[in-house]
Amino acid sequence: MGKLRPGEGEWLGSSHTGRPFPLWSFLLLLGSLLSCGLGSSAQGPGEWTLWGSWTRCSSSCGQGVSVRSRHCIRFPGEEPCWGDSHEYRLCQLPDCPPRAVPFRDLQCALYNGRPVLGTQKTYQWVPFHGAPNQCDLNCLAEGHAFYHSFGRVLDGTPCSPGVEGLCVAGRCLSAGCDGLLGSGTREDQCGRCGGANDSCLFVQRVFRDAGAFAGYWNVTLIPEGARHLRVTHRSRNHLALLGSDGRYVLNGNWAVSPSGTYEAAGTRVVYTRAAAGPEETLHATGPTSQDLLLQVLLQEPNPGVEFEFWLPRERYGPFQEQTQALGWSLRQPQPREVEPQPPEPPAPAAIPPRTPAPAPDPCAPCPDTRGRAHRLLQYCSSDFVFRARVLGRRRQAQETRYEVRVQQVYKNRSPLQTREYVWAPGLCPCPPLTPHHEYLLAARRLVSPDGTQDRLLLPHSGYARPWSPAEDSRVRLAARHCPV
Ligand SMILES: *[C@@H]1O[C@H](CO)[C@@H](O)[C@H](O)[C@H]1NC(C)=O
Ligand SMILES: *[C@@H]1O[C@H](CO)[C@@H](O)[C@H](O)[C@H]1NC(C)=O
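Conventions we followed
- Residues numbered from 1 in each chain as written.
- Chains lettered and ligands numbered in written order.
- Predicted model: local features only at pLDDT ≥ 70, side-chain atom pairs only at ≥ 80, totals over all residues.
- Heavy atoms only, no water.
- Helix = DSSP H or I, 4+ residues; strand = E, 2+ residues; numbered from the N terminus.
- Expected span 1.5 Å × (residues − 1).
- Buried < 20%, exposed > 50% of the residue type's maximum accessible area, 1.4 Å probe, protein only.
- Arc of directions from axis to C-beta.
- Disulfide = S-S within 2.5 Å.
- Near = heavy atom within 4 Å.
- Areas by Shrake-Rupley, 256 points an atom, 1.4 Å probe, with all protein chains shown as cover.
- Nonpolar A, V, L, I, M, F, W, Y, C, P; charged D, E, K, R; others polar.
- 1 Å grid on protein atoms, 1.4 Å probe; cavity = no way out; pocket = protein on both sides within 12 Å on 5 of 7 lines; lining within 4 Å.
- Points joined across faces, edges and corners; volume = space filled by probe spheres on them.
- Domains from an automatic or database assignment.
- Phe/Tyr/Trp six-rings, centres within 6.5 Å; stacked < 30°, edge-to-face > 60°.
- Lys NZ or Arg CZ within 6 Å of the ring centre and 35° of its normal.

## Brief notes about helix H3 (residues 313-325)
Here H3 is 13 residues long and its end C-alpha atoms lie 19 Å apart, about the 18 Å a rise of 1.5 Å per residue gives. By the burial criterion, the buried members of H3 are Arg-313, Tyr-316, Gly-317, Phe-319, Gln-320, Thr-323 and Gln-324. Buried residues in H3, looked at end-on, bunch into an arc of 165°, giving them a common side. Those residues of H3 that are exposed and angled more than 90 degrees off the buried face are Glu-314 and Ala-325.

## Some words on the state of the cysteines
A covalent bond between the sulfur atoms of two cysteines is what we call a disulfide. Scanning all chains against the criterion turns up 10 disulfides. Disulfide pairing places Cys-135 opposite Cys-167 at an S-S distance of 2.1 Å. Classification of the bridge connecting Cys-135 and Cys-167 rests on its S-S torsion, roughly -85°, and on that basis the disulfide is left-handed. Of this pair, Cys-135 sits in the loop between strand E7 (125-127) and strand E8 (136-141) while Cys-167 is found in strand E10 (residues 166-168), placing the two residues 32 residues apart along the sequence.

## Overview of the site of ligand 1
Taken together, Gln-189, Gly-195, Ala-196, Asn-197 and Trp-310 make up the full set of residues adjacent to ligand 1. Considering ligand 1 on its own, with 360 Å² of exposed area, one finds that the protein chains cover 36% of that surface. Across the shell around ligand 1, the residue classes tally to 2 nonpolar, 3 polar and no charged.

## Overview of the layout of surface pockets
Of the pockets and cavities examined, the second largest pocket occupies roughly 520 Å³. Lining of the second largest pocket is provided by 22 residues; of these, Cys-96, Val-101, Pro-102, Phe-103 and Pro-158 occupy positions nearest its centre. With 4 residues, helix H2 (residues 103-109) is the largest single contributor of residues to the lining of the second largest pocket. Of the residues that constitute the lining of the second largest pocket, the class distribution is 11 nonpolar, 8 polar and 3 charged. Two domains each provide a minimum of three residues to the lining of the second largest pocket, namely domain 1 (10-92) and domain 2 (103-173).

## A word on the packing of aromatic side chains
One pass over the full model with this rule turns up 14 aromatic pairs. Taken together, a centroid distance of 6.3 Å and an interplanar angle of 20° make the contact between Phe-307 and Phe-309 stacked. One exposure class covers both Phe-307 and Phe-309, and it is buried. Every member of this aromatic cluster is reached through a ring pair, and the members are Tyr-111, Tyr-123, Trp-125, Phe-146 and Phe-150. The ring of Trp-467 has Arg-387 sitting right over it, with the charged end atom 3.8 Å from the ring centre. Its end group placed over the ring of Tyr-421, Arg-401 keeps NZ or CZ at 3.8 Å from the ring centre.

And the structure:
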């Protein structure tokens, strides 16, 4: 980053013939300008020459370093050039033979049998790893209780056994993903070396469907190419993962797999189930080489399965289409998409027509009232549960009044008319009902103490769900679970 690469800085511009002219011509031109009296005002840094070529690898086997350098050309009054004059890169040669003498041992052994400490005494030297600077050549006199530091180790010497990093000019450096030692360049979340996370999108959602029955529920498709997958939930339910061949990678067929690492879709999936407290996690670095299907095996109400992964931009559109086609987006009505960059607009034609975007709503968002537990509670504690179409809405005083046409009654403590008023507290009731839509509603009967007002009340954060056959069967199921 910010470093000159070969080829950059080589040519400063093109002449009118279209032929680039080399740096030297520019400097000569500059030089002649300077001699015309501009010299005293010369400012800024000098200019680097081109990089020289890379030296041969410092080792003859295994890892080593190779170096290249460049020179700073400065005119009087100019500052030193910015940047490094040397660049070191990792070179990887075939592995050393098993009994080869390590590089550091060789360097210590150079002093064997030679008078080195100002006396005629000689010693046999072996590496000593307990000294402060691991890039000094610290050697222990064999059979003696002292070590001596013979200055720096040669470039390319491993910093210490079993640790990544090579010594360069007395410092321990490790290679960035660009192979340059000490560059600090890393792969971004999209797998691009030195990238800015902009070639992929971050998908982060919570799957909240409570599920009307115990069993396997689809949570999400994890498309091929996904990276940095993380899934967590806190419940006694179990995450399950299927390969694209339809076979379970873990927790399939109602059998619970042990915590551990599983190979799937060309990556390693780390599955952990906490020993204390109900919690499960899945992690995988990816990229996945095929689609995976994430499911949850429900045994109790689902408090939410959180999942996230990074997806190559070109796979995001098809992923959205697929989840919508499967109707999954309906069960997860508030996907949280965190997109570091404005996403490429998904192909508009691909998205099935939905309700037109509502006008900006001055009301604050409502609390989340999804899930089976909520449905059960509301169903059982309500006086009425019915399917209704909202005909109109009127806001008055501190209340909202909906006019509804009752279409189907699931539960009632007293007869309902075909047309009813349903009242909700406040001018921004939660959940909000939209005119001309059909809902499943749970309402309470509210009779004023003097008996003059008899109303249906939709309590704050009560139960009001857009009607659908699935919602219908969930409500019927809830009916069976109320305490009598
Ligand atoms: C990419 O995303 C990761 C995770 O969110 C973040 O830690 C990192 O700083 C990001 N990199 C860049 C270059 O923005
Ligand atoms: C889950 O998704 C798979 C793949 O799209 C589909 O074949 C299966 O029927 C779905 N299962 C459920 C319970 O929806």
